[in-house]
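Coordinate analysis (summary)
Residues per chain are reported as follows:
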Amino acid sequence: MDYNFSEIEKKWQAFWANQKSFAAEENSNKPKYYVLDMFPYPSGAGLHVGHPLGYIASDIVSRYQRHRGFNVLHPMGYDSFGLPAEQYAIQTGQHPAVTTEQNIKRYRQQLDRIGFAFDWSREVRTSDPSFYRWTQWIFLQMFDAWYDYDEEQAKSIEELIWYFHKNGSDGLNAACGEDLHFTPEEWEGYDEATREQILQNYRLAYRSESTVNWCPALGTVLANDEVKDGLSERGGHPVVQKKMMQWSMRITAYADRLLAGLDHIDWSESLKESQRNWIGKSQGASVFFELKDHEANIEVFTTRPDTIFGVSFMVLAPEHYLVDEITTPDQAEAVKAYQEQAARKSERDRMTEVKSISGVFTGAYVKHPFSGEEVPVWIADYVLAGYGTGAVMAVPGHDSRDWAFAKHFGLPIKEVVSGGNVEEASYDAKEGKLVNSDFLNGLEVKAAIAKAIEAIEDKEIGKAQINFRLRDAVFGRQRYWGEPIPIYYVDNMPRRVKEEHLPLELPAVDKFLPTEDGEPPLARASMWNYHPDKGVVPAGEGYPLETTTMPGWAGSSWYDLRYMDARNTEAFADKEKLDYWQNVDLYIGGSEHATGHLLYTRFWHKFLVDKGYLNQEEPFKKLINQGMILGYSAFAHRIDGTNTFVSAEQAKEHKTSKVHVDVSLVNTSDELDVNAFKNWRDDLKNAEFIFEGSFKVSREVEKMSKSKFNVVNPDDIIEQYGADTLRLYEMFLGPLEQSKPWNTAGISGVHNFLKKLWRLYHQGGNWNVTDDAPNEKEWKALHTLIKKLNEDIANFSFNTSVSAFMIAVNELGDLKCGKKAILEQLPILISPYAPHIAEELWDRLGNVGSINEEPYPQHEEKYLVESSVNYPVSFNGKVRFTLSLPADMSKDEVEKTVMAEDKTQQYLDGKAPRKVIVVPGRIVNIVL
RNA sequence: GCCCUGGUGGUGGAAUUGGUAGACACGCGGGACUUAAAAUCCCGUGGCCAGCAACGGCCGUGCGGGUUCAAGUCCCGCCUGGGGCACCA
């Protein structure tokens, strides 16, 4: 009876589907356990072996928790809005909904073959109107909300209007764009448009100007990584920085809570650190510098007000609103040229290119608030318009970028904190005594900061301030394939679409491109107006609807909640269900989402808590980042200027360039199937090859991607070895969190293990399990395994649990153990990892029904007690021999016995030891 | 550039968190079974040195320092791979 994995796996996958084995229970008395995977974007390339890594890990945990008596929620869905489907639609004219549907089908087939315990009855798709109806609904809740800092929560906009009516802006402590001041009478006097403009300053979803990478040729906005050296990556068209009215989300209102919440969740320290850095809370002061010959002031934010006497120039971002006003005529030309040059650089380029220092003097001066000295005002692109006030007071003595700038342009460098040599380099440390600083002289930095702020406040030229690096999140996208924003405009004033008209469905368009005059694709739709009584109406009726769509992260910011009650048509989820499932106990996904998705999701949950819909501020109690599976790319070496390829070992003898080769054309010994390669692409039909014996390729580890031809499809592995082998192998590859290259070389070891396991039950070829009582060794092998498994699952150390299985099965195999008392436990133990073989063996043992709720075994210490310990005996830390001693021997006795040993005397060589260290149960070290 | 993270045999990795470095597996070498192959099983396998053999010596966890009886593990300084840096998902 051979191990026929394909038959076994088909049988049990069908069984689970029929029995709905993995549907989470409704109204259960069991304790809940919610395991979630970051849902995939269904790309046209299909699932590759990197995707299931996290899913297998979460599947193991979900099955394990089911064995332990929990009501487990382990759902799956699709993050199905996104750019690739839209690009494909632009190229082929096919509607993204069609290709997305196809891709999802393919993903589902691939996922089903791996034997996951997903509750498919709760599947969600962000692009499905029944889902995005609620994404839009949440957007409207944000539109209708403002944030009260005094009570630290979001409140309804009605309440704010009432407040303005009664008090004007007086005493309001709200999250806002700018500080506004008006009286109740003034509020009453404003027309509707002005009122709305004021409300926009407070709404949590609001419109404002933000700077974007605009590509006029493509008529669209690009991400930073789509821009290379001022040109679009697709097509190489020029890209400029442009200000644009955009929908944004006031995530900054929640900065402090997002920061504080990190202390209560079980995420890796490094990930929390990333979020802390992203939020970037810094304490300092805002200071106004009075301009010479102008009314205006320049406001700067600094974390080092103590160094104010070291200011020798000011730097504004080239886009700063004051630049045009203050530039003197003789500098105007240079400033304009510089501004144009800066507009061509993306923000990323500006942050990265620290080596090329550039800037231009505006001709303007400010007056130093304390010394009265005239300080020149420059513009430079190392100052970003979007951060702080877009202006810095440059202290070259104590800030390295300012120092480099001063050196380059020959500006004065003043030392105001002692401890370094400012001629050699800036002294950035916050340690030392203040010098050359008038009333601050002699103070330590910390005290000087406090004193400087005091002086600044006394003089009324600024105040202590907390600044965040976190910016409000731009929410509008110039794209088709995203959630429509449920807003229409009356006289340019945004109005909310009525809830009864949700979902506001994506309209049909003739092309998925922007319009000729650069409007987003939705502007092409003929049915894209709105009437408050009728809903969506054709052009010519009603009012225009918003034409930008929501970003990729909108749907993923709350999808975890929808799984709790995925088919609800009355609410995004029922309150009772939200209360039962609470939040995600274990979330597994890639670290590339460390700041984006994870921060936005936390923000939306906090908002929904404020509005009373949820009671859990933190969506994900525990989070694990699975490492990326990298591809093992293959390259053939082509001699430059020819169509002749040379085998890798001879490549050095020629001038060659490397050409990606599909990894399926290469075997594990790096040998290329030359004929298959020739047929792979037309341009290779007549290629020549130079090699001896076999043609070799060279290998490199890269990200797994279709364009690099290094994608490995799990279907092929399952075909050859089965899903259980794939599952075990992905875990065996290494620690979950670590990135690692995919290499199938080791897979036969894991497959062999499953065959060995199978043979334990089929010794001599047929079913052969006896009722004999196990001996001590067999019990010990089993309970060592049980103990290790429970520990490993608790630590998410699945690679070592696979090893533990191998060790146990090897041992039981050596012992020829065919005893039921042992063999009936193994299937339960392995069921989370290799569920198909587990069910099959369980079934053959004579059990009825699924194994998946059998209680998980717990180890018993009595089988594990060791009577002796093998002590390594070392001299000066070098192990020389080992000595087996009774486990309960006391420290003194161990020392005595070791010292009496012949070998010890041999190594002592007549000398007396200086010290003998005995760690009971561990080691003996003799110091000479 | 800034932030996060990794670097251990030919390969993937293990190491009770400061206590015998290389578990488990792949690969490789040798052997058994077989007419042969597949399958299966057994032995060996970090490097160098010494040796008929049993036994043994030295080196070794990216590099350079340090702490400690003891360092892959802790500290300082480098080199280097990967991820992120706000419109890729």
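Residues numbered from 1 in each chain as written. Chains lettered and ligands numbered in written order. Predicted model: local features only at pLDDT ≥ 70, side-chain atom pairs only at ≥ 80, totals over all residues. Heavy atoms only, no water.

Moving on, we come to the overall build of chain A. Counting its secondary structure elements, chain A contains 30 helices and 34 strands. If you line up chain A on its principal axes, its C-alpha atoms span 100 × 85 × 70 Å. Counting the 928 residues in chain A, one finds 52% classified as buried. Relative to all contacts within chain A whose residues are 6 or more apart in sequence, the contacts with residues 24 or more apart total 70%. Carbon and sulfur atoms make up 47% of the accessible area of chain A, which amounts to about 41700 Å² in all. For chain A, the separation between the mean place of its 101 positive charges and that of its 137 negative charges on side chains is 5 Å. (Helix = DSSP H or I, 4+ residues; strand = E, 2+ residues; numbered from the N terminus. Buried < 20%, exposed > 50% of the residue type's maximum accessible area, 1.4 Å probe, protein only. Contact = heavy atoms within 4.5 Å. Areas by Shrake-Rupley, 256 points an atom, 1.4 Å probe, with all protein chains shown as cover. Lys, Arg positive; Asp, Glu negative; His and termini not counted. Charge placed at Lys NZ, Arg CZ, Asp CG, Glu CD.)

Looking now at the protein's contact with RNA strand B. Around RNA strand B, a shell composed of 64 residues is seen, among which Ala 223, Gln 246, Arg 348, Leu 733 and Asn 925 lie nearest. Taking Ser 803, its side chain carries an N or O atom lying 3.5 Å from a base nitrogen of RNA strand B. Looking at the surface near RNA strand B element by element, the count peaks at seven residues for helix 25 (residues 798-814). In terms of residue class, the surface near RNA strand B is made up of 22 nonpolar, 22 polar and 20 charged. (Near = heavy atom within 4 Å. Polar contact = N/O pair within 3.5 Å; in protein donor to acceptor, adjacent residues only side chain to side chain. Nonpolar A, V, L, I, M, F, W, Y, C, P; charged D, E, K, R; others polar.)

A word on a negative patch on the surface. Judged by side-chain charge, Glu 454, Glu 457, Asp 458 and Glu 460 come together as a negatively charged surface patch. Considering the arrangement of structural elements, one finds Asp 458 in helix 15 (residues 445-458). (Patch = residues over 30% accessible without salt bridge, like charges linked within 9 Å, V, L, I, M, F, W, Y side chains within 5 Å. Salt bridge = Lys/Arg side-chain N within 4 Å of Asp/Glu carboxyl O.)

Here the focus is the sheet that holds strand 31 (residues 868-875). Across a sheet, strands are paired by hydrogen bonds formed along the backbone, either parallel or antiparallel in direction. With mixed pairing, four strands are arranged side by side in an open sheet as 32-31-34-33. At either end of the open sheet lies a strand with only one pairing partner, and these are strand 32 (878-886) and strand 33 (915-919). Averaged over all pairs of adjacent strands, the angle between their axes in this sheet comes to 20°, without regard to strand direction. Running at roughly 125° to strand 33, helix 29 (residues 891-900) makes contact with strand 31, strand 32, strand 33 and strand 34 (923-927) of the sheet. (Pairing = 2+ DSSP bridges. Axes fitted to C-alpha atoms, helices over the stretch in contact; angles between N-to-C directions.)

This part covers the side chain of Arg 203. Looking at the secondary structure, you find Arg 203 in the loop between helix 8 (192-200) and strand 5 (205-215). Exposure remark for Arg 203: the relative accessible area of 5% places this residue in the buried category. Here Phe 143 takes part through its backbone oxygen, which lies 2.7 Å from a polar atom of the side chain of Arg 203. For Arg 203, the residues in contact, after removing those within four places along its chain, are Met 142, Phe 143, Asp 144, Ala 145, Ile 157, Glu 196 and Arg 250.

Ordered in space as 6-5-9-17, the four strands form an open sheet in which the pairing is antiparallel. If you trace the sheet from one side to the other, it starts and ends with strand 6 (220-222) and strand 17 (473-474), each paired once. By the bridge criterion, three bridges tie strand 5 to strand 6 in an arrangement that is antiparallel. Its bridge partner lying in strand 6, Trp 214 is registered against Val 221. Together, strand 5 and strand 9 (240-249) form the strand contacts of helix 5 (residues 129-143), whose direction differs from that of strand 9 by roughly 90°.

To continue, consider helix 24 (residues 776-795). Taking 1.5 Å of rise per residue, 20 residues should cover 28 Å, and helix 24 covers 28 Å from first to last C-alpha, within 8% of that figure. Among all positions of helix 24, only Glu 778, Trp 779, Ala 781, Leu 782, His 783, Leu 785, Ile 786, Leu 789, Asn 790, Asp 792 and Ile 793 are buried. On its buried face, helix 24 is in contact with helix 2 (51-67), helix 25, helix 26 (820-823) and helix 27 (826-830). One side-chain oxygen at the N-terminal end of helix 24 lies 3.1 Å from the backbone nitrogen of Lys 777; it belongs to Asn 775. Count one or two residues on from helix 24 and you reach Phe 796, which has phi positive near 55°. (Expected span 1.5 Å × (residues − 1).)

Glancing now at the confidence of the model for chain A. A residue-level look at chain A finds 99% of positions with pLDDT of 70 or above and a mean pLDDT of 90. Both scores are available for the predicted complex, with the pTM at 0.92 and the ipTM at 0.93. (pLDDT = per-residue confidence, 0-100.)

On to the packing of aromatic side chains, then. One pass over the full model with this rule turns up 68 aromatic pairs. Look at Tyr 78 and Trp 120: their rings are 6.5 Å apart centre to centre, the planes differ by 20°, and that puts the pair in the stacked class. In this pair, Tyr 78 sits in the loop between strand 2 (71-73) and helix 3 (83-92) while Trp 120 sits in the loop between helix 4 (96-112) and helix 5, placing the two residues 42 residues apart along the sequence. For the pair formed by Tyr 78 and Trp 120, the shared burial category is buried. Ring centres of Phe 572 and Tyr 613 lie 6.1 Å apart, and the angle between their planes is 80°; this geometry places the pair in the edge-to-face category. On the criterion of sequence distance, the pair formed by Phe 572 in the loop between helix 17 (559-562) and helix 18 (575-581) and Tyr 613 in the loop between helix 19 (596-610) and strand 24 (623-626) is long-range, its members being 41 residues apart. For Phe 572, a relative accessible area of 2% gives the class buried. Feature note: the residues Phe 139, Phe 143, Trp 247, Phe 475, Trp 553, Tyr 600 and Trp 604 constitute an aromatic cluster, connected by ring pairs. Taking NZ or CZ as reference, Arg 63 lies 4.6 Å from the ring centre of Trp 16, over its face. Across from the ring centre of Phe 143, 3.8 Å away, lies the NZ or CZ of Arg 203, which sits over that ring. (Phe/Tyr/Trp six-rings, centres within 6.5 Å; stacked < 30°, edge-to-face > 60°. Lys NZ or Arg CZ within 6 Å of the ring centre and 35° of its normal.)

Another aspect to go through is the environment of Glu 299. Mapped onto the fold, Glu 299 is located in strand 11 (residues 297-302). Accessibility expressed as a relative area gives 27% for Glu 299, which makes it partly exposed. Residues Glu 299 and Cys 215, 84 residues apart in the sequence, show an inter-C-alpha distance of 32 Å. If near-sequence neighbours (up to four positions away) are discounted, Glu 299 is found in contact with Ser 286, Val 287, Phe 288, Thr 389, Ala 391 and Gln 465. Separated by 3.5 Å, the side chains of Glu 299 and Ser 286 make a polar contact.

Turning next to a nonpolar patch on the surface. Where nonpolar side chains cluster on the molecular surface, the patch consists of Ile 917, Val 919 and Ile 923 and spans about 190 Å² of accessible area. Looking at Val 919, the relative accessible area reads 34%, which means it is partly exposed.

Let us now look at the packing of helix 10 (residues 269-279) against helix 19. Where helix 10 contacts helix 19, the two axes come as close as 11 Å, and the packing angle between them is 75°. Comparing the axis directions of helix 10 and helix 19 gives the class roughly perpendicular. Judged by residue contacts, Leu 271, Gln 275, Trp 278 and Ile 279 of helix 10 engage Leu 598, Leu 599 and Arg 602 from helix 19. (Parallel < 35°, antiparallel > 145°, perpendicular 65-115°, else oblique.)

What follows deals with unusual backbone geometry. Most peptide bonds adopt trans geometry, and most residues besides glycine take a negative phi value. At the junction of Leu 502 and Pro 503, the peptide bond is cis and its omega measures out at -5° in the coordinates. Within the secondary structure, Pro 503 sits in the loop between strand 19 (493-496) and strand 20 (529-531). Even without being a glycine, Glu 460 presents a positive backbone phi close to 55°. Among the structural elements, Glu 460 can be located in the loop between helix 15 and strand 16 (462-468). Although it is not a glycine, Gln 582 sits at a positive phi angle of roughly 60°. With respect to the helices and strands, the residue Gln 582 is situated in the loop between helix 18 and strand 23 (586-590).

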